[in-house]
Amino acid sequence: MGQTLTEKILSDHLVEGDLTPGEEIGIEIDQVLMQDTTGTMVWLQFEALDLDEAQTELAAQYCDHQTYQFDFKNTDDHRFLRSAAGTYGAHFSRPGNGICHNVHKENFAAPGKTLLGSDSHTPTPGGLGQLAIGAGGLDIAVAMGGGAYYVEMPEVVNVRLEGELPEWSSAKDVILEMLRRETVKGGVGKVFEYTGPGAESLSVPERTTITNMGTELGATSSLFETDEKTKDYLERQGRGDEYIELTADEDAEYADEIVIDLSDLEPLIACPSMPDKVVPVREVAGEKVEQVLVGSCTNGGYEDILPAAKMFKGREVAKHLEMIVAPGSKQAGEILARQGWTAEMMAAGVNVSEATCGPCIGIGHVPASDSISLRTFNRNFEGRSGIEDDNVYLCSPQVAAAAALKGEIIDPRDLADELGDLDAPGVELPEKYDGSKTDLIYAEDAIDDELIKGPNIGEVPLQDPLGSNISGETLLKMEDNITTDHIIPATSDILKFRSNIERLSDFTLSRVDETFAQRAKDAGTGVLVAGENYGQGSSREHAAMCPMYLGIEAVLAQSFARIHKANLFNFGIVPLAIDEETYEKIEQGDDVEIVDDVAEAVESGQEEFTIRVNDDWEATANLHASERERRILTAGGKLPLTKQQAEGGAAPADD
Ligand code: MIC
Ligand code: SF4
């Protein structure tokens, strides 16, 4: 039987297990990437593990989320990251050089290689045939130390793209259509492999918009085969020699097939406040818009900004509105500037920002109260923009630019009819991506050889080995689709404490209940209850570390998002699956006790646990965990386990 492309790359990197969907496999990691807000913990954990040097073929550290450096703590973090990259042999991308996914795609992403990144949008270079996976920081530290990465073997789903995109529709509409059909949890445990003539018709930057936002489906990764378009893109980046041809076998067997005819796609938009609340733009046309942003790792490339710039040339954005363009990378910004497009945008009333994630997580350009903001980003979780009750819509650069010109949401096809002289801009790649590399400090040119820690850089918290008893109050009961932005928000007032868990933990779940952190501290221990897809979104391991720090010992949820579940294991919190009936019955404030001897049950492989609530009724909760995950839990987390193994002379893996 033939193999899918995912299976081929995984077979090439397999160190443990076999490729049976649902079973855990261990794979070798070729490249790792870290960004600024998760990277500090990666390096602190790397240090705590006493590891000498990055063992992967390539390690790259980016500074992209908090580039405005509002607080010395951010600048200290960046200096620490530069020193860690220098000390341990990673490339370093300076603040302002761009978003990790964009800069990685431009400089290092390579077909056929595996990439593990401490950011949930790491799958972006799947658009050029790299199998890339997002994970928590501790998993990155261990992989960088030469350990395998363990993940549940995903089901591979074929997304067959037919036809070609019509004028004014774009790659963003392809992934929005996927979200409309499959929802934010439709991709859990899956890799989406895009094939067919429609896939061939898309350029690499269009493909990476799709693979980037595959994360919003909950997917483990998303992947395109490589072809002439991949080769062409790498050549334009000056890396043609890294091209290899990669395809699935003709007789590959997929777990499922989804067919999308690109020629049927019209401009789409995700409504507040979930990326899967997708409707045709025409359905919400006429809504007044006060802010428009083009940028992010989804649509911040040269090829994304150019269509908007073409639409702005010789026109003006509506007077009541603010239009911001934040390039995804300095390379994109520099090429646009050299070609004169930046001047055209500025003349049209566009505020051109530095290359940053910034506004995507509420750092700068926070929308006005009670207003609509249209963004080409990938997430619109409530409050993420920096203001509660926000109204953030997600769309393509073409739809964003049309709204900026009109001042209200409008289908760009209707704006073109109205204006009479607005041509569909299409997608164009520059002849050469000839941006400067000044802001990349390659490992071989490192300027530091020891760690520089400012006063805000704290310690990595550790947890005791798992005990026999878990009991405590249900400190919070939450609904479905709780994101890691709910658990640890990323806005600038909070982000500055990412390297200081003691301070950061004060903000735990503050977006759901401001009293939570204090209540948890007072209680000293407790459990959380949630609905489906708990922990979707970001890879930030702080969303497990902080609850652990506050004494949370178990999370009872109907289902968990992949990365967050791994992070819960990594920090010694027991993730237990409950059914809907139990979820409905259990109330906030209820006392929950796990009746079994927890340590013994976890160690012995027991799946079913009995919980007793208020000493009154009982229900079953399930632990779906591999043997390896059970060992991690028993030890109190992956850091203590890996340390124990290293002391015993084992490799820095947890196998
Ligand atoms: C995000 O888009 O939510 C982030 C901010 O990039 C996160 C990483 C983080 O929390 O630092 C992610 O996607 O993993
Ligand atoms: Fe940055 Fe937003 Fe992309 Fe996360 S989703 S990496 S915050 S641009």
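Summarised in this report is the structure supplied together with it.

Definitions and cut-offs
Residues numbered from 1 in each chain as written. Chains lettered and ligands numbered in written order. Predicted model: local features only at pLDDT ≥ 70, side-chain atom pairs only at ≥ 80, totals over all residues. Heavy atoms only, no water. Helix = DSSP H or I, 4+ residues; strand = E, 2+ residues; numbered from the N terminus. Rg over C-alpha atoms; globule rule 2.2 N^0.38 Å. Contact = heavy atoms within 4.5 Å. Areas by Shrake-Rupley, 256 points an atom, 1.4 Å probe, with all protein chains shown as cover. Lys, Arg positive; Asp, Glu negative; His and termini not counted. Charge placed at Lys NZ, Arg CZ, Asp CG, Glu CD. Near = heavy atom within 4 Å. Polar contact = N/O pair within 3.5 Å; in protein donor to acceptor, adjacent residues only side chain to side chain. Nonpolar A, V, L, I, M, F, W, Y, C, P; charged D, E, K, R; others polar. Patch = residues over 30% accessible without salt bridge, like charges linked within 9 Å, V, L, I, M, F, W, Y side chains within 5 Å. Salt bridge = Lys/Arg side-chain N within 4 Å of Asp/Glu carboxyl O. Phe/Tyr/Trp six-rings, centres within 6.5 Å; stacked < 30°, edge-to-face > 60°. Buried < 20%, exposed > 50% of the residue type's maximum accessible area, 1.4 Å probe, protein only. Pairing = 2+ DSSP bridges. Axes fitted to C-alpha atoms, helices over the stretch in contact; angles between N-to-C directions. Parallel < 35°, antiparallel > 145°, perpendicular 65-115°, else oblique. Left-handed = near helix turned anticlockwise from the far one by under 90°. Core = buried A, V, L, I, M, F, W, Y, C linked by side-chain atoms within 4.5 Å.

1. Focus: the overall build of the protein chain
Phase 1: A count of helices and strands for the protein chain gives 25 helices and 27 strands.
Phase 2: The C-alpha atoms of the protein chain give a radius of gyration of 24 Å, which matches the 26 Å a tight globule of 655 residues would have.
Phase 3: By principal-axis analysis of the C-alpha atoms, the protein chain measures approximately 75 × 55 × 50 Å.
Phase 4: Intrachain contacts of the protein chain at a sequence separation of at least 6 include 77% that bridge at least 24 residues.
Phase 5: Total accessible area on the protein chain is roughly 22300 Å²; 41% of this is exposed by carbon and sulfur atoms.
Phase 6: Taking the average place of the 52 positive charges on the side chains of the protein chain and the average place of its 119 negative ones, the gap between the two points comes to 6 Å.

2. Focus: the site of ligand 1
Phase 1: Neighbouring residues of ligand 1: 14 residues in total, closest Thr37, Asp119, Ser120, Ser539 and Arg540.
Phase 2: Between ligand 1 and the protein, one listed contact pairs an oxygen atom with a side-chain N or O atom of Arg384 at 2.8 Å.
Phase 3: In this structure, an oxygen atom belonging to ligand 1 sits 2.8 Å away from a side-chain N or O atom of Arg498.
Phase 4: Burial of ligand 1 by the protein amounts to 96% of the accessible area it has alone, namely 340 Å².
Phase 5: Here the shell around ligand 1 is composed, by residue class, of one nonpolar, eight polar and five charged.

3. Things to note about the site of ligand 2
Phase 1: Lining the immediate environment of ligand 2, one finds His65, Ile99, His101, Asp119, His121, Ser296, Cys297, Cys357, Cys360, Asn378 and Arg384.
Phase 2: When grouped by side-chain class, the residues that make up the shell around ligand 2 number four nonpolar, five polar and two charged.

4. Section: a negative patch on the surface
Phase 1: Residues Asp370, Glu382, Asp389, Glu479, Asp480, Asp579, Glu580, Glu581 and Glu584 make up a contiguous surface patch of negative charge.
Phase 2: Along the chain, the position of Asp370 falls in the loop between β17 (350-352) and β18 (372-375).

5. A word on the packing of aromatic side chains
Phase 1: Taken as a whole, this structure holds eight aromatic pairs when the rule is applied.
Phase 2: Seen from their ring centres, Tyr194 and Phe224 are 5.0 Å apart, and the 10° between their planes marks the pair as stacked. Taken as a pair, Tyr194 in strand β10 (residues 190-195) and Phe224 in strand β11 (residues 221-224) lie far apart in primary sequence, 30 residues in all. Phe224 matches Tyr194 in its accessibility class, with the two residues each being buried.
Phase 3: One aromatic cluster is present, built from ring pairs that chain together Trp43, Phe46 and Tyr88.

6. Some words on the sheet that holds strand β4 (residues 58-62)
Within a beta sheet, neighbouring strands are joined by backbone hydrogen bonds and run either parallel or antiparallel to one another.
Phase 1: With respect to topology, six strands assemble into an open sheet ordered β7-β6-β3-β4-β5-β20, the strand pairing being mixed. What marks the edges here is a single partner per strand, and that holds for β7 (131-134) and β20 (440-441).
Phase 2: In this structure, strand β5 (residues 91-93) lies alongside β20, joined through two bridges in antiparallel fashion. The residue bridging Ser93 from the neighbouring strand is Leu440, located in β20.
Phase 3: Relative to the sheet, helix α5 (residues 137-144) contacts β3 (31-34), β4 and β6 (114-117), its axis offset from that of β3 by approximately 140°.

7. With respect to helix α11 (residues 302-312)
Phase 1: In terms of burial, α11 is largely enclosed, as ten of its eleven residues are buried.
Phase 2: Those residues of α11 not exposed but buried are Tyr302, Glu303, Asp304, Ile305, Leu306, Pro307, Ala308, Ala309, Met311 and Phe312.
Phase 3: At the exit of α11 stands Gly314, carrying a positive phi of roughly 75°.

8. Here we look at the packing of helix α2 (residues 36-48) against helix α3 (residues 72-88)
Phase 1: Packing of α2 against α3 brings their axes to within 10 Å, and their N-to-C directions diverge by 45°. Classified by the interaxial angle, the pair formed by α2 and α3 is oblique. Judged by the twist between their axes, the crossing of α2 over α3 is left-handed. On the side of α2, the interface is formed by Asp36, Gly39, Thr40, Trp43, Leu44, Phe46 and Glu47, while α3 contributes Asp77, His78, Phe80, Leu81, Ala84, Ala85 and Tyr88.

9. Quick look at the nonpolar core
Phase 1: Formed by 74 residues in total, the largest nonpolar core has its most connected members in Trp43 and Tyr534.
Phase 2: Aside from chain neighbours lying at most four places away, what touches Tyr534 is Met478, Ile482, Ile487, Leu528, Val555, Ala557, Ser559, Phe560, Ala561 and His564.
Phase 3: Within the second largest apolar cluster, 52 residues are counted, among which are Leu128, Ile305, Leu415 and Leu422.

10. Things to note about the side chain of Ser539
Phase 1: Within the element layout of this structure, Ser539 appears in the loop between β22 (526-530) and α20 (542-549).
Phase 2: Using a relative accessible area of 2% as the deciding quantity, one classes Ser539 as buried.
Phase 3: Polar contacts involving the side chain of Ser539 include one to the main-chain carbonyl oxygen of Ser118, which spans 3.4 Å.
Phase 4: Setting aside residues no more than four positions away along its own chain, Ser539 makes contact with Thr38, Ser118, Asp119, Ser120, Ala135, Gly136, Ile563 and Asn567.

11. Examining the side chain of Ser296
Phase 1: Among the structural elements, Ser296 can be located in helix α10 (residues 296-299).
Phase 2: Within the structure, the side chain of Ser296 is placed 3.0 Å from the backbone nitrogen of Thr298, a separation counted as a polar contact.
Phase 3: Among all residues touching Ser296, those that are not within four sequence positions of it are Ile99, Asn102, Ala326, Gly328, Thr376 and Phe377.

12. Some points on the sheet that holds β11
Phase 1: With parallel pairing, the four strands of this open sheet are ordered in space as β11-β10-β9-β12. Two strands in the sheet have a free side with no partner beyond their single neighbour: β11 and β12 (256-261). With direction set aside, neighbouring strand axes in the sheet form an average angle of 25°.
Phase 2: The strands that helix α1 (residues 5-13) touches are β9 (155-162), β10 and β11; relative to β11, the one it contacts most, it runs at about 105°.
Phase 3: Relative to β11, helix α8 (residues 204-213) is tilted by about 160°, and along the sheet it contacts β10 and β11.

13. Brief notes about the packing of α8 against helix α9 (residues 228-236)
Phase 1: Running from N to C, α8 and α9 cross one another at 105°; their axes reach a closest spacing of 9 Å. In this view, α8 runs roughly perpendicular relative to α9, as classed from their interaxial angle. Along the contact surface, α8 presents Val204, Pro205 and Arg207, while α9 presents Lys229, Thr230 and Tyr233.
Phase 2: A breakdown of the residues in the contact of α8 with α9 according to their chemical character gives three nonpolar, one polar and two charged.

14. With respect to the pairing of β18
Phase 1: Side chains Ile372 and Leu374 project from β18 onto one buried face, and the interleaved Ser373 and Arg375 project onto a second face that is buried too.
Phase 2: Examined bridge by bridge, β18 and strand β19 (residues 391-394) share four bridges and lie parallel to one another. Bridge assignment links Ser373 to a residue of β19, and that residue is Val392.

15. Things to note about unusual backbone geometry
Phase 1: Cis geometry marks the peptide bond from Pro272 to Ser273; its omega dihedral reads -5°.
Phase 2: Positioned with a positive phi, Asp389 is a non-glycine residue whose angle comes to about 50°.
Phase 3: With respect to the helices and strands, the residue Asp389 is situated in the loop between β18 and β19.
Phase 4: With relative accessibility at 58%, the residue Asp389 sits in the exposed group.

16. Quick notes on the pattern of salt bridges
Phase 1: All chains considered together, the criterion is met by 36 salt bridges.
Phase 2: The closest approach of N and O atoms between Arg181 and Glu177, which form a salt bridge, is 2.8 Å. Of this pair, Arg181 and Glu177 both sit in helix α6 (residues 171-182), four residues apart, which is roughly one turn of the helix.
Phase 3: Connected via shared salt-bridge partners are Glu266, Arg282, Asp411, Arg413 and Asp414.

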